[in-house]
Amino acid sequence: MKVKYFTLPNILTLANLLCGSIASLCAVSHIWAPEVMSLKVPLLFILASALFDFLDGMAARLTGQYSPLGVQLDSLADMVSFGLTPSLILTALYLGGNGVGAWWLVTLAVVACSALRLARFNIDDEQHESFIGLPTPACALAIGSLAWAVEEGMFALSPSVILVVSIVAAWLLISPIKMFSLKFKGLSLRDKTNRLRYAFLLVAAAALIIGGLGVLWGIIILYILASIISTFACKSQTKEQ
């Protein structure tokens, strides 16, 4: 079987992987030399990874260059960018907050559950219109934003809180909660899901303009709550009908 390695979608996916690798290295560097490497830097590379993750799918749709290799490569890249990196950021936060003992291993629950989340997505036919569980990019952005906020002095996180965040984030990744997708199939406001997307994006944009990247974690929480409310609303309408 002839395999094309360097198609446009695959190149964009590799860019995602490289940015995620740099983000992970920056998080590790902060553990060993916090005075040299700011924990704000990984979030910038996570954002770059998320952008390339979005663009590779768009490129595949526009060029028709879908392939089994591309699917697997995308998951492997996401595993580093949105699985390993947030775990290392949480580890850096825990150790930097004077966390003691081997409790920092709890932060690795995020990378473990990210692997389960990505593996399930690859074999699940129910996640075309929406997601089941928190998408790994959203989880990584939330954790990266928490680190940004801590570095900015917006608040402090004790080691015990960081462990709780790790457990909650890991659970959300493999939870049965349905999350709406931000991918638009059309621009019509008649589509109720589109209305939800537009409203969320407007609120998110306003929050980022006012509060900066340090409030991104709050936007992800809003995304989760909006998804839960939307799911319950849909179930209520179905019962009434």
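Residues numbered from 1 in each chain as written. Predicted model: local features only at pLDDT ≥ 70, side-chain atom pairs only at ≥ 80, totals over all residues. Heavy atoms only, no water.

Chemist: Talk me through helix H2 (residues 41-63); I want residue IDs and the actual numbers.
Modeler: For H2, which comprises 23 residues, the first-to-last C-alpha distance of 33 Å matches the rise-based estimate of 33 Å (1.5 Å per residue) to within 8%. Turning to H2, its buried residues are Pro42, Leu43, Ile46, Ser49, Asp53, Asp56, Ala59 and Ala60. Following H2 by one or two positions, Gly64 adopts a phi angle in the positive range, close to 70°. (Helix = DSSP H or I, 4+ residues; strand = E, 2+ residues; numbered from the N terminus. Expected span 1.5 Å × (residues − 1). Buried < 20%, exposed > 50% of the residue type's maximum accessible area, 1.4 Å probe, protein only.)

Chemist: Residue-level account of the environment of Glu35, with values.
Modeler: Looking at the secondary structure, you find Glu35 in the loop between helix H1 (8-32) and H2. Considering only alpha carbons, one finds Glu35 and Ala23, 12 residues apart in sequence, at a separation of 17 Å.

Chemist: If you had to explain the pattern of salt bridges to someone new, which residues and values would you point to?
Modeler: With the rule as written, the count across this model stands at 2 salt bridges. Here Glu152 and Lys40 are joined by a salt bridge, their closest N and O atoms 2.4 Å apart. Residue Glu152 is located in helix H5 (residues 136-152), and its partner Lys40 is located in the loop between H1 and H2; the two are separated by 112 residues in the primary sequence. Where Arg120 meets Asp124, a salt bridge forms, and the shortest distance between an N and an O atom there is 3.4 Å. With a relative accessible area of 36%, Arg120 lands in the partly exposed category. Note on Asp124: relative accessible area 14%, which makes it buried. (Salt bridge = Lys/Arg side-chain N within 4 Å of Asp/Glu carboxyl O.)

Chemist: Tell me about the packing of aromatic side chains, and please be specific about residues and values.
Modeler: Each aromatic ring pair is described using two quantities: the centre-to-centre distance and the angle formed by the ring planes. Applying the stated criterion to the full structure yields 6 aromatic pairs. Arranged with centres 5.7 Å apart and planes meeting at 55°, the rings of Phe200 and Tyr223 form a pair that is tilted. With Phe200 in helix H7 (residues 192-211) and Tyr223 in helix H8 (residues 216-240), the pair connects residues that are 23 residues apart, well separated along the chain. Both residues of the pair, Phe200 and Tyr223, count as buried. These aromatic residues form a ring-pair network of at least three members: Phe180, Phe200 and Tyr223. Lying over the aromatic face of Trp148, Lys40 brings its terminal NZ or CZ to 4.6 Å of the ring centre. (Phe/Tyr/Trp six-rings, centres within 6.5 Å; stacked < 30°, edge-to-face > 60°. Lys NZ or Arg CZ within 6 Å of the ring centre and 35° of its normal.)

Chemist: Outline the environment of Leu76, supporting the account with residue identities and numerical values.
Modeler: Here Leu76 shows up in helix H3 (residues 68-96). By relative accessible area, which is 58% here, Leu76 ends up exposed. Residues Leu76 and Ala119 lie 43 residues apart in sequence; the distance between their C-alpha atoms is 9.9 Å.

Chemist: So what's going on with the packing of H3 against helix H4 (residues 109-123)? Residues and values would help.
Modeler: Axis separation between H3 and H4 bottoms out at 8 Å; the angle between their running directions is 160°. Judged by the inter-axis angle, H3 sits roughly antiparallel to H4. Regarding H3 and H4, the two cross each other, and that crossing is right-handed. For the pair H3 and H4, the contacting residues are Val71, Gln72, Ser75, Asp78, Met79, Phe82, Gly83, Leu84, Pro86, Ser87 and Leu90 in the first and Val110, Val111, Ser114, Ala115, Leu118 and Asn122 in the second. Broken down by class, the residue content of the contact of H3 with H4 amounts to 10 nonpolar, 6 polar and 1 charged. (Axes fitted to C-alpha atoms, helices over the stretch in contact; angles between N-to-C directions. Parallel < 35°, antiparallel > 145°, perpendicular 65-115°, else oblique. Left-handed = near helix turned anticlockwise from the far one by under 90°. Contact = heavy atoms within 4.5 Å. Nonpolar A, V, L, I, M, F, W, Y, C, P; charged D, E, K, R; others polar.)

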